[in-house]
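Observations on chain architecture
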Amino acid sequence: MEKKKSDSYLPWILIPIGGLIALAGAYLVYFLLFRSLQRFFINQAQPVFTPMALRAGYALILWLAYAVFYRSRASDLLKAMFLPAPMATTIIAFMILFYQNAALGFALAFLVSGLVLLFLARRRKPWFYYYAAVLSLGAALFYGWPAA
């Protein structure tokens, strides 16, 4: 059966839209979690949590959730659309953590990206996973770029 020509254009459209929605959803959940924890715990004399610990824990939870989703029977296109959420969240967490040392933040951003790309290459994933990873890096760098 011959592939429709429009099928090859579908990832070019769906990956940025779906990735942006996944990233926005992940950010919204993080924001609501942060505000809830801040309301209940930050006003104490000894704060129970720090924002960086929350960011790191949240990124880890997103990676674990993505690993479960990655092993599901969902389509590769759908899996690629959700890749930006854990990847960009991790990069943004590093960029914020090392805000005063931007070079280290950028190095860690590219390290995370390289590890993701290496994983995708070893698994021989279709091209649109790489496209999603590059868009994730771009979105994370845009968000975490140090102010002048």
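Residues numbered from 1 in each chain as written. Predicted model: local features only at pLDDT ≥ 70, side-chain atom pairs only at ≥ 80, totals over all residues. Heavy atoms only, no water.

What follows concerns the pattern of salt bridges. For the coordinates displayed, the defined rule picks out one salt bridge. Between Lys-125 and Asp-76 there is a salt bridge whose closest N-O contact spans 3.8 Å. In this pair, Lys-125 sits in the loop between helix H5 (102-122) and helix H6 (127-144) while Asp-76 sits in helix H3 (residues 76-82), placing the two residues 49 residues apart along the sequence. (Salt bridge = Lys/Arg side-chain N within 4 Å of Asp/Glu carboxyl O. Helix = DSSP H or I, 4+ residues; strand = E, 2+ residues; numbered from the N terminus.)

Moving on to H6. With 18 residues, H6 extends 26 Å between its outermost C-alpha atoms, agreeing within 8% with the 26 Å of an ideal straight helix rising 1.5 Å per residue. By the burial criterion, the buried members of H6 are Phe-128, Tyr-129, Tyr-131, Ala-132, Ala-133, Ser-136, Leu-137, Ala-140, Leu-141 and Gly-144. (Expected span 1.5 Å × (residues − 1). Buried < 20%, exposed > 50% of the residue type's maximum accessible area, 1.4 Å probe, protein only.)

Looking now at the packing of helix H4 (residues 84-97) against H6. When two helices pack together, you describe them by how their axes are tilted relative to each other and by the distance separating the axes. Packing of H4 against H6 brings their axes to within 9 Å, and their N-to-C directions diverge by 35°. Both H4 and H6 take part in a crossing whose hand is right-handed. Of H6, the residues touching H4 (which contributes Pro-84, Met-87, Ala-88, Ile-91, Ile-92, Met-95 and Ile-96) are Ala-132, Ala-133, Ser-136, Leu-137, Ala-140, Leu-141, Tyr-143 and Gly-144. Along the lines of polarity and charge, the residues of the contact of H4 with H6 split into 13 nonpolar, two polar and no charged. (Axes fitted to C-alpha atoms, helices over the stretch in contact; angles between N-to-C directions. Left-handed = near helix turned anticlockwise from the far one by under 90°. Contact = heavy atoms within 4.5 Å. Nonpolar A, V, L, I, M, F, W, Y, C, P; charged D, E, K, R; others polar.)

Aromatic ring pairs: the centre-centre distance and the angle between the two ring planes describe each pair. A complete count under the given rule lists 14 aromatic pairs for this structure. Seen from their ring centres, Tyr-66 and Tyr-70 are 6.2 Å apart, and the 40° between their planes marks the pair as tilted. Of the two residues, Tyr-66 and Tyr-70 both sit in helix H2 (residues 51-70), four residues apart, roughly one turn of that helix. With relative accessibility at 9%, the residue Tyr-66 sits in the buried group. Taken together through their ring pairs, the aromatic side chains of Trp-63, Tyr-66, Phe-69, Tyr-70, Phe-82 and Phe-119 make up a single cluster. (Phe/Tyr/Trp six-rings, centres within 6.5 Å; stacked < 30°, edge-to-face > 60°.)

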